[in-house]
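Fold and contact review
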Number of protein chains: 2
Amino acid sequence: MPRFFTDSPAEDVIIVKGSDADHIRFSLRMKPGERITFCHGGMDHNCIIEKITEDEVICRVENISPTLSEPTVQLTVYQAYPKKDKLELIIQKTTELGVTRIVPFISSRCVARPDKASYEKKLPRLKKISEEAAKQSGRGIIPEITSLMTINEAIEDMKKNDLSLVCYENGGEKLSGISFSEKKNIGVMIGSEGGFERSETDRAINAGAVPIWLGERILRCETCPIAVTAIIMNLTGNM
Amino acid sequence: MPRFFTDSPAEDVIIVKGSDADHIRFSLRMKPGERITFCHGGMDHNCIIEKITEDEVICRVENISPTLSEPTVQLTVYQAYPKKDKLELIIQKTTELGVTRIVPFISSRCVARPDKASYEKKLPRLKKISEEAAKQSGRGIIPEITSLMTINEAIEDMKKNDLSLVCYENGGEKLSGISFSEKKNIGVMIGSEGGFERSETDRAINAGAVPIWLGERILRCETCPIAVTAIIMNLTGNM
């Protein structure tokens with residue numbers, strides 16, 4: 001069944017306008033009587049199309065239920081800004097795998113160092129990638145792509161989590177050794193191409209993050225968040 | 001320490017010629033007395049450069065030891081041929097994560113369907129990607145990229161494994177429910193964009209493969225092998 005996200009969920013009637021309405025009318029060529037789902041905040045609004053006008057698609061809500069595909073944990077990936085279009089790959093793949101929030105930040109070894117203004121210009125495109133991947137994979141939310149943070153802001157943000165991890169090439173716990181039980185909000189901090197300075201991981205660890213180690217093979221900075229998200233979803237029973 | 005793969009390992013002296021010798025001399029600008037590792041079949045040959053001539057780099061082997069980064073399991077990914085350059089991404093990422101062998105095959109829903117000849121033309125490039133990823137991630141072997149198989153050939157090949165899995169969107173065991181103990185040779189079969197025909201998964205299951213299910217989120221065909229490799233490496237204690 002076609003799935004869309006909506007900003008204006010309702011219990012009775014959902015009215016769709018703009019590009020989603022065009023997509024329903026022209027690309028999907030849907031007709032009154034057909035079924036369609038609108039998702040908001042992890043809740044599926046299962047609808048029947050009631051009427052299609054020139055600029056609106058009017059849908060009657062039949063029932064509302066939690067989106068089955070949403071994981072039971074909220075995972076935030078804190079990603080040191082990588083080069084080229086790697087952040088786009090990270091957003092697409094971790095969205096499919098179940099991430100809730102992606103926080104790009106600048107650390108001292110980042111080679112690509114956009115300022116906040118030029119990052120804000122990129123942000124609509126990054127959000128679009130997240131939305132497309134969320135639609136395609138049947139997610140119940142669109143993962144949030146935050147503003148660009150400094151590493152100190154990211155470490156401060158991590159304090160909100162029940163459990164924070166930092167990938168550390170010089171050693172740490174294996175992911176299998178971490179207890180995820182009762183942990184709902186999980187964060188994991190991952191370096192850019194050059195990894196972290198020792199002082200940076202020390203600061204994260206002092207703020208409560210647990211250093212984790214992914215073994216002897218050196219992963220590229222974009223492979224690490226994808227692998228870690230998959231493994232955490234598996235270890236928490238979400239994959 | 002710089003790492004290279006060698007086809008001609010030795011216990012005393014390794015002589016390097018061709019592009020690797022050029023790379024050592026001109027890109028890395030290495031000098032006699034510096035340390036370098038040559039890897040063959042999961043064994044590190046740790047060397048000191050003894051002499052550099054116009055076309056050779058002569059290295060004395062100091063000691064030979066198993067490459068620490070090699071996983072304890074041999075994982076073969078059987079991948080239904082995907083569109084565009086997705087196979088390249090799959091090769092690069094699964095190599096970093098520890099795959100031993102990648103078997104591309106044609107199934108009935110493959111959109112991209114190269115014939116064996118045009119695949120053989122692509123193969124040197126695919127092997128190069130595997131070698132580069134193996135070097136970069138510090139692997140002890142270069143994962144093998146096989147010839148293109150039919151799905152029946154791939155299913156036949158899977159019978160060699162101690163444990164074979166097939167990713168099945170309509171349900172199956174969770175990866176966490178699979179017992180990997182004592183399994184050294186593991187295979188996992190993954191569909192292309194359109195997934196598998198029911199008759200294809202039935203044939204794989206009849207040949208002994210266990211259907212596995214990665215949960216409610218629909219993964220793109222290139223995300224699946226990356227996620228599965230990461231999770232299997234984690235579950236077998238290799239990540």
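Everything that follows concerns the structure shown earlier in this document.
Computed from a predicted model, the values in this text were never measured in an experiment.

**Focus on the environment of C59(B)**
Residues and elements named next belong to chain B. Relative to the helices and strands, C59 resides in strand β5 (residues 57-66). In the structure, C59 is positioned 22 residues away from T37 in sequence and 9.4 Å away in space, judged by C-alpha atoms. Look past the residues within four positions of C59 in its chain and what remains in contact with it is D12, V13, I14, V16, I36, F38, C47, I48, I49 and E50.

**Overview of the interface of chain B and chain A**
Contacts between chain B and chain A engage 34 residues on the former and 34 residues on the latter. When the buried area of chain B at its contact with chain A is split by residue, R217(B), R220(B) and M239(B) rank highest and sum to 25% of it. Applying the counting criterion to the chain B and chain A interface returns four salt bridges. Across the salt bridge formed by R220(B) and E96(A), the nearest N and O atoms sit 3.4 Å from each other. Along the contact surface separating chain B from chain A lie 26 residue pairs in polar contact (both at pLDDT 80 or more). The set of elements that each furnish at least two residues to the side of chain B that touches chain A consists of α2 (86-97), α3 (116-137) and α6 (223-235) of chain B. Per-element accounting of the side of chain B that touches chain A gives the leading share, eight residues, to α6(B). Considered class by class, the residues forming the side of chain B that touches chain A number 15 nonpolar, ten polar and nine charged.

**Here we look at the sheet that holds strand β3 (residues 35-40) of chain B**
Residues and elements named next belong to chain B. Strand order across the open sheet formed by five strands is β1-β3-β4-β5-β2, with mixed pairing between neighbours. Both edges of this open sheet fall to β1 (3-5) and β2 (13-16), since each of them pairs with a single strand only. Here the strands of the sheet are splayed against their neighbours by 40 degrees on average, with no regard to which way each runs. Across nine bridges, the pairing between strand β4 (residues 43-52) and β5 is antiparallel.

**Here we look at the sheet that holds strand β4 (residues 43-52) of chain A**
All names here are of chain A. Ordered in space as β1-β3-β4-β5-β2, the five strands form an open sheet in which the pairing is mixed. Strand pairing shows two members of the sheet lacking a second neighbour, β1 (3-5) and β2 (13-16), which therefore form its edges. Averaged over neighbouring strand pairs, the angle between their axes works out to 40 degrees when direction is ignored. One ladder, built from three bridges, connects β1 with strand β3 (residues 35-40); its direction is parallel. Of the residues in β3, the one forming a bridge with F5 is C39. Contacts from helix α1 (residues 18-27) reach β1, β2, β3, β4 and β5 (57-66) within the one sheet, and its direction differs from that of β1 by about 170 degrees.

**Side note on the packing of α2(B) against α6(B)**
Residue and element names in this part refer to chain B. At a closest axis distance of 9 Å, the pairing of α2 and α6 adopts a crossing angle of 10 degrees. As judged from the angle between their axes, α2 and α6 are roughly parallel. Contacts between α2 and α6 pair L89, I90, K93, T94 and L97 from the former with P225, I226, T229, A230 and M233 from the latter. Within the contact of α2 with α6, the residues separate by chemical class into seven nonpolar, two polar and one charged.

Rules used throughout
- Residues numbered from 1 in each chain as written.
- Chains lettered and ligands numbered in written order.
- Predicted model: local features only at pLDDT ≥ 70, side-chain atom pairs only at ≥ 80, totals over all residues.
- Heavy atoms only, no water.
- Helix = DSSP H or I, 4+ residues; strand = E, 2+ residues; numbered from the N terminus.
- Contact = heavy atoms within 4.5 Å.
- Buried area = accessible area lost by both parts, 1.4 Å probe.
- Salt bridge = Lys/Arg side-chain N within 4 Å of Asp/Glu carboxyl O.
- Polar contact = N/O pair within 3.5 Å; in protein donor to acceptor, adjacent residues only side chain to side chain.
- Nonpolar A, V, L, I, M, F, W, Y, C, P; charged D, E, K, R; others polar.
- Pairing = 2+ DSSP bridges.
- Axes fitted to C-alpha atoms, helices over the stretch in contact; angles between N-to-C directions.
- Parallel < 35°, antiparallel > 145°, perpendicular 65-115°, else oblique.

So, to be careful, I would describe these as geometric facts and stop short of saying anything about function.
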